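Structural features, examined
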Amino acid sequence: MRYLRPKSIPELQEILMKENGNDYSILAGGTDLMPRYRTGLQLPEIAIDIKILPGYCGISEENGSIEIGALVTIEDIRKNHLIQKDLPCLSQACHEFAGTQIRNRATIGGNICNASPAGDLLPGLYLYSAELQLISAFGSRKLPIEDFILGPGKTALKPGEILVSIHLKNQFDNSRFYKLGLRQSMAISVINYAMGWSVVEKSISKLAIMAGSVAPTIVSLDGCCKSFLAMENDESIAENIAKDIFPIDDIRATAKYRQQVLKNLILHDLRKFPG
Amino acid sequence: MVKNLLSTKTYIGQPLKRVDARGKVTGETQFLTDISVDGMIYSAPVYSRIPFGSITSIDSSEAQQSPGFIKFISAKDIPGENQVGVITNDQPLFADKTVRYIGDSIGLIVADNPARAFDIAKLIRITYTELDPIFTIEKSQSVTTGFIHENNISCQHKVIRGNVEDAFANADKIVEAEFTTAEQEHYYLEPQACIVTPLESGGVKILGSLQCPFYVQKAVSKVLGIPFNKVIVEQAPTGGAFGGKEDVPSEICARVALAAIITKRPVKMVYGREDDIQLTSKRHPFKLKYKVGVTDDGIITAAEVRLEENSGAYSTLSSVVSYRSAVQAMGPYVVPNVNIQSISYYTNLPPNGAFRGFGSPQAAFGHERMMDIVAEKIGMDSYSFRKLNIIKPNDQTITGQRLTSSVGAMETLKKSYNASNWGNCPRPQNEGRIKTGYGIALTHYGNCLGAAGWFMDGSAVKITLHRDGSVTVSFGLVEMGQGALTVVTQMTAEAFGIAPSRIQINPTSTEYVADSGPAVASRNVIMTGQAIINATENLLPEIKLAASKFLDCPSQNIVIENDKVTDNAGNTHCSFGDLTDYMYRSNYRMETTGWWHVPELNFNPDDGNGEAYFSYSFATHLAKVKVDTLTGLVKVQKVWAAHDVGTAINPAGIEGQVEGGISQGIGWAVTENLKYNNGLVQSQNLSTYLLPTANDISDVEVIIIEEPEPQGPWGAKGIGEPAIIPTGAAIANAVSNAIGQQVNQLPISPEYVLDLINQSKEQ
Ligand SMILES: Cc1cc2nc3c(=O)[nH]c(=O)nc-3n(C[C@H](O)[C@H](O)[C@H](O)COP(=O)(O)OP(=O)(O)OC[C@H]3O[C@@H](n4cnc5c(N)ncnc54)[C@H](O)[C@@H]3O)c2cc1C
């Protein structure tokens, strides 16, 4: 395997041009990539390490929108006050993410590009309408996250393209993240979700729930939210949750369990709302 | 002499810091992966990829073409016997006809580097005629052809006493229940590993990560067809074992030894995690069926118990597991009439074998769940019901063994119950989302090998005095993380009356002492401690004689204590170093050996009556759990763990064992869940085999109870296994208490808990 580590964007672009069509992987924190290499499943000929590219490891705010560089680590997001205040689902997700060592290496860009249905940052990113900035030797483009993630491990990333930053805006007065793993830490989510809501005159005016690990990609529980806002009963809300999701059996849990737990937790959350 | 020796207690009972702590904390300790030998080459296992079948061909031509290939070794290369079964001769070193599980060894690749060895091993082409594989106890019992061995029963034991039929007929209530428990992977941090160097003698020197050097010696001698004295086995610092390195290293070392002999070069093998978990033993899954008769006032009169164990492809140590679970099947309670059957069945899974507790945690799950279920049926609380039936001094166990001393069961029950304050807690409200529950579980663990292994229950030490007053000790059991080196140091210091800092312990090697049996069954403190006392007694008269000459006083005046040699009557004294220097110069004996074997046991295997073990450790675990009724997740909050250890040699070591045992018990009961698909392990590593993390383990309050054991050194008994035995049962009882439904299986997965909660809603 060849290992390349560009120090600047022009250098990266040159490499990407040259290696276009070759078998390469972008390497950020490596916390998804390295375990895969180890099992010998996906050993690319070339690893392009982007960790020391300048300019993509900061968090900033402009006009009420927050920008996070793709190379920002989970630990840095967890500790960031701006995020804690404005994008609580992200800091909560980072808080429950793996353990300290992994959090110090893993990046937000890796979490997005890995496109795992269980990725812990994803529900929050969907909730906050994340827009992804992609660049390549031929220019740049911006995509909403739901158009970027196409399926488990599948993204709209084109050959020669990388993710450089994420732009977020929280449209909700309140939001929170929930993760269920089979241990208290170092666990991949069996289900996770981000919930956002706004209250006007003591009643919920706006509600969205983005759920992970219950379908090939993050799903927005639209039917459930509509049902709740229409003040339907628990049964019909539960039915709507069931309609929104497509869980599967895997080594961590059965589809039946995922379905039931998501329903239990969301009904429990909704019951606490006024109205 | 013994009495005199035992009366002083200077170093015993002190929380001496672990003597091996520094190296392990700093990383200076060299484990096998760190060690290399000049000219060393590497090997990797070639194993069956199907669960059951016969081999039709083995083709190594592609492997032979690979760069780095040195040798392919298989059954036809074995000079001695192709047999490594530890108790039953049912396990070939290399399968040549039949393969019985995915991972069954067929050969070994030797190559010039480790990665290549593992890659080349995959190039050996093997064809099979596949047979219908058996994975469950039910199928193993029911098939009438296609047996895994001559038949599918791996071993069985029973205990029959009194008359259960009559007792059931006269009982006020009869309560029945069935339970299951799952596999557990040892998950020692260091995988299986060894280096074998061929010797000029025609023998081999083995350095291995292992628990039982004398097992390895015997296995290698048999496979190579050379005498024991040409097989030198030394234990390398070992990164955890828990029973997983009891018998398994015998086969691994024997294969590598064969490679070393054939290639005439040192050969190393270290398993990768995924191979280790697929190829090596686990804790036996059990099916447990209980029927208990009881009077209306809560006295147990009879028990009929059927234990069925999934032994996997080979019997390995199933026999010990089946024996132990049978004689401990009703726990530390008096039950005059019993019919207990424990049967182990072959299946096409990796062999299930030795694992901390040897069937006791499974049996404890059965009898302790049963105690709660019966108590509830007769309207008693689980504490009072246990108190009523618990074994006390001069009571008999279910095998009819009268226990006269060191019976701390009641103390452990009372102390843990009082410490938990459960009795004074208002019944938890348990209305909301999170429900709290408490559960008690007990064990009486038979120390050492018991009647089934009595013939090999002896251990040796050798103690050498140097002229400068330093001392070297060799013992036949091992340090594997449990703190053996530290307690052996303390016991030697106590026996001689000298400072622990004078004492250095040799790595365990077959070269230094005689076969001391296996380092299992919580036997190190008892066996090595008694052997140290014996060794000291053998030399002390000579030391005192020398001291009396040196200090010019009668030898009965000599006292060696607190690292000082004193004339009791006069005022003279000297240092131990001055004395040993004098001894050396005056040609006194500077070396002693010691030996101890357990007392003879009167036991009848035909009906399981008699003395099953010479001594028992008792323990109560009281667990407090919280159950999330929305998700089914169980969090063990605290365990109050009271252990009757006889005498605490090192209280800090005991705390460490108990905290570790409980953590491992939480793993078995709650988070760990080994999954197979057609005999292939699915949860191959830590991302899916969920060992508890620091956040998943509970607070532990260790309560040490000392009911001295007359046959134990300074009164001590074993702690290593009792530390895990009651944990799973206590948690299951606590979860049952929290949700008001009977937990009848381990692991207590969130999915299972949620199902139980749904059932209670439907009721
Ligand atoms: C022990 C352990 C625990 C874990 N726990 C969790 C957890 O609790 N929650 C969770 O969600 N995940 C968890 N993970 C998964 C992993 O840590 C995360 O998905 C992490 O965010 C990946 O980031 P990375 O920088 O390490 O990605 P990498 O491994 O470097 O890359 C992942 C993928 O994204 C691509 N990629 C990375 N960055 C870019 C970029 N800027 N542009 C284009 N492509 C890119 C890579 O080519 C690769 O395909 C865990 C992993 C381990 C090993």
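Since this is a predicted model, take the numbers as computed values, not measurements. (Residues numbered from 1 in each chain as written. Chains lettered and ligands numbered in written order. Predicted model: local features only at pLDDT ≥ 70, side-chain atom pairs only at ≥ 80, totals over all residues.)

**Considering the overall build of chain B**
Helix and strand counts for chain B stand at 19 helices and 30 strands. For 763 residues, the compact-globule formula gives about 27 Å, and the C-alpha radius of gyration of chain B, at 27 Å, lands near that figure. Expressed as lengths along the three principal axes of its C-alpha atoms, the size of chain B is roughly 85 × 75 × 50 Å. Sorting the 763 residues of chain B into buried and exposed places 60% on the buried side. Across chain B, contacts joining residues at least 24 apart in sequence account for 80% of those joining residues at least 6 apart. (Helix = DSSP H or I, 4+ residues; strand = E, 2+ residues; numbered from the N terminus. Rg over C-alpha atoms; globule rule 2.2 N^0.38 Å. Buried ≥ 20, exposed ≤ 12 C-beta atoms within 10 Å, placed from the backbone. Contact = placed C-beta atoms within 7 Å.)

**Remarks on the overall build of chain A**
Along its length, chain A carries 12 helices and 14 strands. The globule rule puts the C-alpha radius of gyration for 275 residues at 19 Å, and the 19 Å found for chain A is close to it. Considering only C-alpha atoms, chain A reaches an extent of 60 × 45 × 30 Å along its principal axes. Within chain A, the fraction of its 275 residues that count as buried is 43%. Taking the intrachain contacts of chain A between residues at least 6 apart in sequence as the baseline, contacts between residues at least 24 apart amount to 58%.

**Some words on the domain arrangement of chain A**
With domains assigned, chain A is organised as domain 1 (1-54) and domain 2 (178-271). Measuring from the centre of the C-alpha atoms in domain 1 of chain A to the corresponding centre in domain 2 of chain A gives 36 Å. (Domains from an automatic or database assignment.)

**Here's the deal with the site of the ligand**
Residue and element names in this part refer to chain A. Taken together, 30 residues are adjacent to the ligand, and G29, A98, G110, N111 and C113 come closest. Looking at the shell around the ligand, the elements with two or more residues in it are β2 (24-27), α2 (33-38), α6 (100-105), α7 (108-114) and β10 (162-168). Per-element tally for the shell around the ligand: the top contributor is α7, with five residues. (Near = placed C-beta within 6 Å.)

**Side note on the packing of helix α14 (residues 484-496) of chain B against helix α15 (residues 524-551) of chain B**
Residues and elements named next belong to chain B. The interhelical angle for the contact between α14 and α15, taken along N-to-C directions, is 30°, at an axis separation of 10 Å. Between α14 and α15, the angle falls in the class roughly parallel. As for how α14 packs across α15, the hand of that crossing is right-handed. When α14 is examined against α15, the residues A484, V487, V488, M491, T492, A495 and F496 are found in contact with a partner set consisting of N524, V525, T528, G529, I532, I533 and T536. (Axes fitted to C-alpha atoms, helices over the stretch in contact; angles between N-to-C directions. Parallel < 35°, antiparallel > 145°, perpendicular 65-115°, else oblique. Left-handed = near helix turned anticlockwise from the far one by under 90°.)

**Let's talk about the interface of chain B and chain A**
On the chain A side, the residues contacting the 17 residues of chain B number 17 residues. The dominant element in the side of chain B that touches chain A, judged by the number of residues it contributes, is helix α19 (residues 750-762) of chain B, at three residues. Across the side of chain B that touches chain A, the residue classes break down as five nonpolar, eight polar and four charged. (Nonpolar A, V, L, I, M, F, W, Y, C, P; charged D, E, K, R; others polar.)

**Overview of unusual backbone geometry**
For the peptide bond that leads from L746(B) to P747(B), omega is 0°, which places it in the cis range. Of note, P747(B) is situated in the loop between α18 (727-739) and α19. Despite not being glycine, A115(A) has its phi angle at roughly 50°, a positive value. Its location among the elements puts A115(A) in the loop between α7 and α8 (122-127). The buried category is assigned to A115(A), around which 22 C-beta atoms lie within 10 Å. With phi around 30°, T316(B) is a residue other than glycine that occupies positive phi space. With respect to the helices and strands, the residue T316(B) is situated in the loop between β14 (300-312) and α10 (318-327).

**A few points about the domain arrangement of chain B**
Along its sequence, chain B is carved into domain 1 (2-28 + 458-597), domain 2 (32-131 + 192-270) and domain 3 (286-451 + 604-762). Every contact between the two is made by 18 residues of domain 2 of chain B and, on the other side, 17 residues of domain 3 of chain B.

**Considering the sheet that holds β10(A)**
Residue and element names in this part refer to chain A. Overall, antiparallel pairing links the five strands, which are arranged β4-β5-β10-β6-β7 in an open sheet. Each edge of the open sheet carries a strand with a single partner, namely β4 (59-62) and β7 (139-144). Neighbour-to-neighbour, the strand axes of this sheet turn through a mean angle of 25°, independent of strand direction. Alignment of strand β5 (residues 65-69) against β10, held across four bridges, turns out to be antiparallel. Among the inter-strand pairings, E67 is bridged to a residue of β10, identified as H167. (Pairing = 2+ DSSP bridges.)

**What to know about the environment of R22(B)**
Tracing the sequence through the fold places R22(B) in helix α2 (residues 21-26). The class of R22(B) is exposed, set by 11 C-beta atoms lying within 10 Å.

**Observations regarding the pairing of strand β3 (residues 69-74) of chain B**
All names here are of chain B. For β3, the buried fraction is high: five of the six residues fall into the buried class. Note: β3 against strand β5 (residues 105-111), five bridges, orientation antiparallel. Each residue of the ladder has a partner; that of F69, found in β5, is A111.

**Focus on the sheet that holds strand β2 (residues 53-59) of chain B**
Residue and element names in this part refer to chain B. Taken in spatial order, the three strands line up as β4-β2-β6 in an open sheet, and their pairing is antiparallel. Only two strands of the sheet have a single partner each, and these edge strands are β4 (98-99) and β6 (125-130). Taken together, the two bridges between β2 and β4 define a ladder with antiparallel strand orientation. If you follow S54 over to β4, its bridge partner there is T98.

**A closer look at the nonpolar core**
All names here are of chain B. Formed by 326 residues in total, the largest nonpolar core has its most connected members in A257, I731 and V735. Element by element, the count of residues in this core is highest for α15, at 12 residues. In this view, V735 contacts G437, V625, V627, V634, V743, I748 and V753; residues no more than four positions away in its chain are not counted. (Core = buried A, V, L, I, M, F, W, Y, C linked by C-beta atoms within 7 Å.)

**Quick look at the environment of R116(B)**
Residues and elements named next belong to chain B. Tracing the sequence through the fold places R116 in helix α4 (residues 114-121). Put simply, R116 and I12 are 104 residues apart on the chain and 51 Å apart in space, counted from C-alpha to C-alpha. Once residues lying within four places of it in the same chain are set aside, the contact partners of R116 are G68 and A111.

**A few points about the pairing of strand β16 (residues 434-446) of chain B**
All names here are of chain B. In terms of burial, β16 is largely enclosed, as 11 of its 13 residues are buried. Looking at chain direction, β16 and strand β26 (residues 616-628) are connected through 13 bridges and run antiparallel. In the strand pairing of β26, G439 is matched with A623.

**Topic: α14(B)**
Because the α-helix completes a turn every 3.6 residues, residues three or four places apart line up on one side. Residue and element names in this part refer to chain B. Compared with an ideal rise of 1.5 Å per residue, which puts 13 residues at 18 Å, α14 spans 18 Å between its outermost C-alpha atoms and is within 8% of the ideal. By the criterion of burial, α14 is predominantly enclosed, with 13 of the 13 residues buried. Note on α14: the residue one or two positions beyond its end, G497, has a positive phi of about 75°. (Expected span 1.5 Å × (residues − 1).)

**A word on the packing of helix α10 (residues 222-229) of chain A against helix α11 (residues 234-244) of chain A**
All names here are of chain A. One way to put it is that α10 packs onto α11 with a least axis distance of 7 Å and a crossing angle of 165°. With respect to α11, the element α10 is oriented roughly antiparallel. The interaxial crossing formed by α10 with α11 has right-handed handedness. Contact residues: D222, G223, C224, S227 and F228 in α10; S236, I237, N240, I241, K243 and D244 in α11. Tallied by class, the residues present in the contact of α10 with α11 amount to four nonpolar, four polar and three charged.

**Section: the environment of Q401(B)**
All names here are of chain B. By the secondary structure assignment, Q401 is in the loop between α12 (382-389) and α13 (409-420). With 22 C-beta atoms counted inside 10 Å, the residue Q401 sits in the buried group. Distance from Q401 to E611, taken between C-alpha atoms, is 5.2 Å for residues 210 residues apart in sequence. Ignoring anything within four residues of it in the chain, the contact list for Q401 reads Q396, G610, E611 and A612.

**Notes on the confidence of the model for chain B**
Detailed reading of the predicted coordinates is not advisable wherever pLDDT is low. Mean pLDDT over chain B works out to 96, with 98% of the residues at or above the 70 mark. For this predicted complex, the interface score ipTM comes out at 0.95, while the overall pTM is 0.97. (pLDDT = per-residue confidence, 0-100.)

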